[in-house]
Amino acid sequence: MSSEIVLCVEGLSKCYRSYGRPRDRLLQMLPLAHGFPCREFRALENVSFEMNRGEAIGVVGRKGAGKSTLLQLICTTLSPTSGSVFVNGRVAALLEFGAGFNPRLTGRENVYMVATLHGLGKDEIDQRFSAIAAFADIGGFMEQPVSTYSKGMHVRLAFAVIAHVDADILLIDEVLAIADGCFVERCLRFLHGFKQRNSVIVVSDDTAAIIDLCDRVIWLDRGTRRQLGEPGAVCGAYRDDLAVSTKVGRRSDTDEEGQPSTPFGPGVSSGPARRIGEINARGLVADLQVFRFDPGASGTFGGWEARIVRVGLNDLAGVGLTWVSGGERVALRVEAQVHVQTERPVIGFSVKDSLGQTLFGDHVCTGPMGKPGAAAAGAWLTVEFEFLMPRLARGDYVIQVAIADGERNDHRQLHWCDEALLIRSHHDPLAEEARGIALVDNGLNMGGL
Ligand SMILES: Nc1ncnc2c1ncn2[C@@H]1O[C@H](COP(=O)(O)OP(=O)(O)OP(=O)(O)O)[C@@H](O)[C@H]1O
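In this text the structure is predicted, and so the values were computed from the model without any measurement.

Participant: Which parts of the structure should I look at to understand the pattern of salt bridges?
Facilitator: Think of it this way: side chains of opposite charge can pair up when their charged atoms draw near. Using the criterion set out here, one finds 20 salt bridges in the structure. For arginine 424, the salt bridge identified is with aspartate 396, shortest N-O distance 2.6 Å. Separated by 28 residues along the polypeptide, arginine 424 in strand S19 (residues 410–425) and aspartate 396 in strand S18 (residues 395–407) bring together distant segments of the chain. Accessibility expressed as a relative area gives 18% for arginine 424, which makes it buried. Overlapping salt bridges, with partners in common, bring together Arg62, Asp221, Arg222, Arg226 and Asp241 in one network.

Shown next as structure tokens:
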């Protein structure tokens, strides 16, 4: 990180006024007009900080804390009530999803329009267009009007454009929460590279991603700067504060007999089990939302001699789950069909965080059932990996699933799904010690042999 200051925010405050009647707001703007009754709300109060080139700063805070207001003041889409912002360089911002796009124009036309507004000439945009399209990865939608895009596509295109306009400072507001896990991974990889030379401010509730990316974090609380400092310490304090005062709705923790319905009960009394009991007793769970398997999702490859046809997370009665609690016993069921004789079929999975780091995984060759035998063309293979779902920090995770032919160190991928399932964790686990995986069983059933 260089010591060159690229941003200096000094005593920044923003006061919004709301009027009882809309026409009072208009009349108030007239010369000599004054005295119309209004209510003042201080969204930001005397916030100061500096940012160096090569620095990434995260902004966390509850809803309404003033995070978006701060970013809008920095990129001058809002003017401050008092205080100043000094910027040394070009700023590009991704503040609201779709902001800046004309919905009637195609993706391509919008790329040219937005990049032009950021100061790029037509030749420069021509040269960068294929890189922008590859980053956005929205296929034929690039030639469709933006009004036909999903929110995720908007974010993909908007991020791809600002990533290619030679900004010195990027401002990214919460929008990544809308994007899919795989794209978020791509954006975070980009931001890690970007901050080698430039600077970035990211607003996000994904404190794990913030800690990984940022050099410092600002915690805004009701418009004021409550803390500014080392990411782990500030995010930890912020999460603790949330935990103390947030009433987290949880699903039933006890069954009809009053026994704990999760494998971790509050009654256990020693070592890690006692710790887990304490966590359960605090009334917090890690609620994980499971998105449906999409066989057509991007990031699949392989020789196509086999196809992964279905992937789902089930409870132990085989019922598909769309929400799972951290600590709950689940079965990841993978169904595949081989289209050619396959001597040593192997099915495996791994769970990765939004930075692409593997948290855990397994494949049938290492499971208690031993190696599977050969499968004839047309055979269906079904594997169930049974495990205790770990308590995952807030953020997005993907489950990759693959079928291969061979052994651990010598195999050929037949079909690989990069993002077979997306899991979104909605709560912080509060207890890092509770992370982990306990594989209980897996089983391989082969039919049609
Ligand atoms: N135009 C406006 N007029 C009046 N109040 C506003 C206006 N814009 C924002 N506010 C208020 O200012 C406060 C800060 O808003 P801001 O959008 O900056 O918060 P935030 O931390 O980004 O919240 P969130 O996480 O929900 O996006 C909120 O209480 C909001 O209601």
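Participant: What is the right way to read the packing of aromatic side chains from this model?
Facilitator: The geometry of an aromatic ring pair is captured by two quantities: the separation of the ring centres and the angle between the planes. Across all of its chains, the model carries 13 aromatic pairs by this definition. Taking 6.0 Å as the distance between ring centres and 25° as the angle between the ring planes, the aromatic pair formed by tyrosine 112 and phenylalanine 129 counts as stacked. Taken together, the residues tyrosine 112 in helix H3 (residues 107–117) and phenylalanine 129 in helix H4 (residues 122–136) connect sequence positions 17 residues apart. Owing to a relative accessible area of 9%, phenylalanine 129 belongs among the buried residues under this scheme. Among the aromatic residues, ring-to-ring pairing joins Phe135, Phe159, Phe183, Phe190 and Phe194 into one connected group.

Participant: Is there a simple way to explain the site of the ligand in this structure?
Facilitator: What surrounds the ligand is the set Tyr16, Phe41, Ala43, Arg62, Lys63, Gly64, Ala65, Gly66, Lys67, Ser68 and Thr69. In this structure, an oxygen atom belonging to the ligand sits 3.0 Å away from a main-chain N or O atom of alanine 65. Note that an oxygen atom of the ligand is positioned 2.7 Å from one of the side-chain N or O atoms of serine 68. Considering the ligand on its own, with 640 Å² of exposed area, one finds that the protein chains cover 59% of that surface. If you list the elements that add at least two residues to the shell around the ligand, you get strand S2 (38–52) and helix H2 (67–74). Counting residues per element, the shell around the ligand draws most heavily on H2, at three residues.

Participant: Would you mind going over the sheet that holds strand S8 (residues 216–221) with me for this structure?
Facilitator: Two pairing modes exist for strands in a sheet, parallel and antiparallel, and in both the strands are linked by backbone hydrogen bonds. With mixed pairing, the six strands of this open sheet are ordered in space as S5-S6-S7-S3-S8-S9. With one partner strand each, in any of the chains shown, strand S5 (91–94) and strand S9 (224–229) form the two edges of the open sheet. Here the average twist between neighbouring strands, direction ignored, is 15°. The sheet strands contacting H2 are strand S3 (56–60), strand S6 (169–173), strand S7 (199–203) and S8, and the helix crosses S6 at an angle near 150°.

Participant: Can you help me understand H3 in this one?
Facilitator: Each turn of an α-helix holds 3.6 residues, which means side chains three or four residues apart point in the same direction. Among all positions in H3, only Gly107, Asn110, Val111, Val114 and Ala115 are buried. Summarising the axial view, the buried residues of H3 lie within an arc of 125°, below the 170-degree limit, and thus occupy one face. Contact partners of the buried residues in H3: H4 and helix H5 (151–162). Just downstream of H3 lies glycine 119, where phi reads positive at about 95°.

Participant: Explanation requested: H4 in the structure shown.
Facilitator: For H4, built from 15 residues, the straight-helix expectation of 21 Å at 1.5 Å per residue is met to within 8% by its first-to-last C-alpha distance of 19 Å. Where H4 bends most, the angle comes to about 45°, and this point is arginine 128. If you check which residues of H4 are buried, you get Ile125, Arg128, Phe129, Ile132, Phe135 and Ala136. Immediately downstream of H4, the backbone of aspartate 137 shows phi near 55°, a positive value.

Participant: How should I be thinking about the side chain of threonine 69 in this particular structure?
Facilitator: Looking at the secondary structure, you find threonine 69 in helix H2. Overall, threonine 69 belongs to the buried group, its relative accessible area being 9%. Setting aside residues up to four positions removed in sequence, threonine 69 forms contacts with Lys14, Tyr16, Ala43, Leu44 and Leu78.

Participant: Could you clarify how one ought to interpret the environment of glycine 152 in this entry?
Facilitator: Looking at where glycine 152 falls in the secondary structure, it is placed in helix H5. The class for glycine 152 is buried, based on a relative accessible area of 19%. Considering only alpha carbons, one finds glycine 152 and isoleucine 178, 26 residues apart in sequence, at a separation of 5.9 Å.

Definitions and cut-offs
- Residues numbered from 1 in each chain as written.
- Predicted model: local features only at pLDDT ≥ 70, side-chain atom pairs only at ≥ 80, totals over all residues.
- Heavy atoms only, no water.
- Salt bridge = Lys/Arg side-chain N within 4 Å of Asp/Glu carboxyl O.
- Helix = DSSP H or I, 4+ residues; strand = E, 2+ residues; numbered from the N terminus.
- Buried < 20%, exposed > 50% of the residue type's maximum accessible area, 1.4 Å probe, protein only.
- Phe/Tyr/Trp six-rings, centres within 6.5 Å; stacked < 30°, edge-to-face > 60°.
- Near = heavy atom within 4 Å.
- Polar contact = N/O pair within 3.5 Å; in protein donor to acceptor, adjacent residues only side chain to side chain.
- Areas by Shrake-Rupley, 256 points an atom, 1.4 Å probe, with all protein chains shown as cover.
- Pairing = 2+ DSSP bridges.
- Axes fitted to C-alpha atoms, helices over the stretch in contact; angles between N-to-C directions.
- Contact = heavy atoms within 4.5 Å.
- Arc of directions from axis to C-beta.
- Expected span 1.5 Å × (residues − 1).
- Bend = angle between axes of the 7 residues up to and from the residue.

From the geometry alone we can't say anything about function, so treat these as descriptive.
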